[in-house]
Amino acid sequence: QIYKVLDPAKTTVRLNSEWLGQLTPEEIVTLAAKYTVARMLERDDFQRRFHEGRAISVHEFLYPLFQAYDSVALQADVELGGTDQTFNLLFARDIQRAYNVPEQSIMTMPILPGTDGKQKMGKSLGNYVGVTDPPEEMFGKLMSVPDEAMGTYYELLLGKPEPEGHPAEAKRELARQIVERFHGAEAAREAEAHFNRLHVEHGVPDEMPELDL
């Protein structure tokens, strides 16, 4: 999926099992000693759960430690993440400093709401548009986004304000541009025609399962 965005020839994929899988118990304890529980509890969700008396498992403290160690192992210059990852990204700078590795810069991006317009887009919630989704599916999902979320979608995906006029046309324009971005102009035209056939003209889909009754 990432190669829909990045050039494969300029991209190296690394698995953090390369270094995390090699850590000995002694090295894990040494890593854990680089940070305090008090600082860990500064993270919003930990802080909230602690004050509410809700359980926080020890392994939840290990996750940001291991993520931070990724930046040490890679000697990362820049780490990109959503605004919900700000704590972890800054945390990595502290761990890099503790290991005498130059501290990375961080770049955070706003969170895109899912097709429900409320919760963060995610596969587990079923409210996502995948960059490798077929053109027709991608177009249809984008047309299902609530009107009130269109402003955010335009800002984050197209880098411009939502146009004035009927919300349905704004959605069509968004869907056209996003499908074209990942599948090309011809696929975008066909996806819109497919959408019109199903939802405007109420025609029969090109492919349908056959059932014996």
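Above this text is the structure in question.
First, a word on scope: everything that follows refers to the structure included in this document. Note that the structure is a prediction, hence the values are computed from the model and not measured. (Residues numbered from 1 in each chain as written. Predicted model: local features only at pLDDT ≥ 70, side-chain atom pairs only at ≥ 80, totals over all residues. Heavy atoms only, no water.)

**Things to note about the overall build of the chain**
Link 1 in the chain: The number of helices and strands found in the chain is 10 helices and two strands.
Link 2 in the chain: Listed by position from the N terminus, the elements making up the chain come as α-α-α-α-α-β-α-β-α-α-α-α.
Link 3 in the chain: For the chain, with 213 residues in total, the buried portion stands at 32%.
Link 4 in the chain: Long-range pairs, those at least 24 residues apart, make up 54% of the contacts in the chain between residues at least 6 apart in sequence. (Helix = DSSP H or I, 4+ residues; strand = E, 2+ residues; numbered from the N terminus. Buried < 20%, exposed > 50% of the residue type's maximum accessible area, 1.4 Å probe, protein only. Contact = heavy atoms within 4.5 Å.)

**Section: helix H6 (residues 86-98)**
An α-helix turns once per 3.6 residues; consequently, residues spaced three or four apart project the same way.
Link 1 in the chain: Here H6 spans 19 Å end to end across 13 residues, near enough to the 18 Å set by a 1.5 Å rise per residue.
Link 2 in the chain: Of all the residues in H6, the buried ones are Phe87, Asn88, Leu89, Phe91, Ala92, Asp94, Ile95 and Gln96.
Link 3 in the chain: Packing partners of the buried residues in H6 comprise helix H2 (25-32), helix H3 (37-40), helix H5 (58-74), strand S1 (78-82) and strand S2 (105-109).
Link 4 in the chain: At the C-terminal side of H6, asparagine 100 shows a positive phi close to 60 degrees. (Expected span 1.5 Å × (residues − 1).)

**Focus: the packing of helix H8 (residues 150-158) against helix H9 (residues 167-183)**
Link 1 in the chain: Closest axis-to-axis distance for the H8/H9 pair is 11 Å, and the angle between their directions is 30 degrees. Classified by the angle their axes make, H8 and H9 are roughly parallel. Here H8 and H9 pass one another in a crossing that is left-handed. Residue-level inspection shows Met150, Tyr153, Tyr154, Leu157 and Leu158 of H8 in contact with H9, the latter providing Ala170, Lys171, Glu173, Leu174, Gln177, Ile178 and Arg181.
Link 2 in the chain: Considering only residue class, the contact of H8 with H9 consists of eight nonpolar, one polar and three charged. (Axes fitted to C-alpha atoms, helices over the stretch in contact; angles between N-to-C directions. Parallel < 35°, antiparallel > 145°, perpendicular 65-115°, else oblique. Left-handed = near helix turned anticlockwise from the far one by under 90°. Nonpolar A, V, L, I, M, F, W, Y, C, P; charged D, E, K, R; others polar.)

**Examining the environment of isoleucine 178**
Link 1 in the chain: You can see isoleucine 178 is positioned in helix H9.
Link 2 in the chain: Overall, isoleucine 178 belongs to the buried group, its relative accessible area being 5%.
Link 3 in the chain: Once the C-alpha coordinates of isoleucine 178 and leucine 158 are considered, the two residues, 20 residues apart in sequence, prove to be 8.4 Å apart.
Link 4 in the chain: For isoleucine 178, the contacting residues outside a window of four places in its chain are Met138, Leu142, Leu157 and Leu158.

**Observations concerning helix H7 (residues 135-143)**
Link 1 in the chain: When we look at burial in H7, the residues that qualify are Pro135, Met138, Phe139, Lys141, Leu142 and Met143.
Link 2 in the chain: The inward-facing, buried residues of H7 contact H8, H9 and helix H10 (185-199).

**What about the nonpolar core?**
Link 1 in the chain: Ranked by internal contacts, the top residues of the largest apolar core, which has 21 residues, are Met138, Phe139, Leu142, Tyr153, Leu174 and Ile178.
Link 2 in the chain: Listed by contribution, the elements that provide at least two residues to this core are H7, H8, H9 and H10.
Link 3 in the chain: Looking at this core, the element that brings in the most residues is H9, giving six residues.
Link 4 in the chain: Discounting residues that sit within four places of it in the chain, leucine 142 has contacts with Val129, Tyr153, Lys171, Leu174, Ala175 and Ile178. (Core = buried A, V, L, I, M, F, W, Y, C linked by side-chain atoms within 4.5 Å.)

**Here's the deal with the packing of H2 against H5**
Link 1 in the chain: Running from N to C, H2 and H5 point in directions that differ by 95 degrees, and their axes come no closer than 10 Å. Between H2 and H5, the interaxial angle falls into the category roughly perpendicular. Across the interface between the two elements, Ile28, Leu31 and Ala32 from H2 touch Leu65, Phe66 and Tyr69 from H5.
Link 2 in the chain: Residues of the contact of H2 with H5, tallied by class, amount to six nonpolar, no polar and no charged.

**So, the side chain of glutamate 79**
Link 1 in the chain: Here glutamate 79 is to be found in strand S1.
Link 2 in the chain: Nearest to the buried, unbridged glutamate 79 among oppositely charged side chains is arginine 93, at 9.7 Å.
Link 3 in the chain: A distance of 3.2 Å separates polar atoms of two side chains, one belonging to glutamate 79 and the other to serine 71.
Link 4 in the chain: Among the polar contacts made by the side chain of glutamate 79, one reaches the side chain of glutamine 104 at a distance of 2.8 Å. (Lys, Arg positive; Asp, Glu negative; His and termini not counted. Salt bridge = Lys/Arg side-chain N within 4 Å of Asp/Glu carboxyl O. Polar contact = N/O pair within 3.5 Å; in protein donor to acceptor, adjacent residues only side chain to side chain.)

The quantities given are spatial measurements derived from coordinates; they are silent on function.
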